[in-house]
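Given next are the chains, with one letter for each unit.
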Amino acid sequence: MSLVLDSAAQDLLFREARTANSFSDEPVTEEQVQAIYDLVKFGPTAFNQTPLRITLVRSAEARERLVKHMAAGNQPKTQAAPLVAILSADNEFHEELPALLPSFPQAKDLFFGERPVREQSALVNSALQAAYFIVGIRAAGLAAGPMTGLDFAGVQKEFLDDDHTPLMVINIGKPGENAWYPRSPRLDFDQVVTTV
């Protein structure tokens, strides 16, 4: 085996981890979410930028506002999950770069002065951070149900502003009954990897 991570951890994070479609009613605490973030914040991004923003949807009123923007098949899952997070990209992330990249504070203006450049970089790097967040949820012994079947413009208008672009919604919790669909196939190594 070429991996340092033990087999049980590999299973927890990848091999046995699945997208959950139902959840128990066990709550997800603020402490759990903070522990997840405090772990995954160390994942690498370009220029150490941190464009990911996480909006936790806890109140019944906010949940109703969100559910109406979910695709029909995702509405029951989002309604029933113990916790739902809206993940978005902050297109003004560059304002924090002088503090996050003290060795190169001029990167803020040198590379990210133009909004279209920031939007592209925020999209790529917040997607990286979203993937880390999903793995962090799994590391906490919870299941994630990430979804992109939603009205993005509606979610942005309802919960965000023009400086934040929604990426996905993630249902979070302990898996419930019949939480898993059958595992779909994956491409093999030689279908994906090319050596030049």
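Okay, so let's go over this structure. Predicted model only: the values in this text are computed from it and were never measured.

What follows concerns the pairing of strand β2 (residues 83-90). Most of β2 sits inside the fold, with 8 of its 8 residues counted as buried. Burial along β2 is two-sided: the face carrying L83, A85, L87 and A89 and the face carrying V84, I86, S88 and D90 are both buried. Here strand β1 (residues 52-57) pairs with β2 via 6 bridges, running antiparallel. Counterpart to L56 in the pairing with β2 is A85. Bridge count between β2 and strand β4 (residues 164-173): 8 bridges; the pairing is antiparallel. Paired with D90 across the strands is H164, a residue of β4.

Before going further, it helps to spend a moment on unusual backbone geometry. Even without being glycine, F47 reaches a positive phi, approximately 60°. With respect to the helices, strands and loops of the structure, F47 is situated in the loop between α2 (30-40) and β1. According to the relative accessible area criterion, F47 is partly exposed, its value standing at 29%. Despite not being glycine, N178 shows a phi value in the positive range, around 50°. Considering the arrangement of structural elements, one finds N178 in the loop between β4 and α9 (189-192).

Before going further, it helps to examine the environment of A127. When you line up the elements, A127 lands in helix α7 (residues 115-139). Taking the relative accessible area as the measure of exposure, A127 reaches 40% and is therefore partly exposed. Sequence separation between A127 and A139 is 12 residues; the distance between their C-alpha atoms is 18 Å. With residues up to four places along the chain from it excluded, the contact list for A127 reads A122 and L167.

Cut-offs used in this document
- In every chain, residue numbers begin from 1 and rise along the written sequence.
- Only residues with pLDDT of at least 70 get local features here, since the model is predicted, and only at 80 or more are side-chain atom pairs given and counted; chain-wide, interface and lining totals rely on the full set of residues.
- Heavy atoms from the whole structure form the basis of all side-chain values; hydrogens and water molecules are not counted.
- Throughout this description, buried means an accessible area under 20% of the type-specific maximum (1.4 Å probe, protein chains only), exposed means over 50%, and partly exposed covers the range between.
- Each helix is a run of DSSP H or I of at least 4 residues and each strand a run of E of at least 2, with the numbering of both proceeding from the N terminus.
- For two strands to pair, DSSP has to find at least two bridges joining them.
- Every residue pair with non-hydrogen atoms within 4.5 Å of one another is taken to be in contact.

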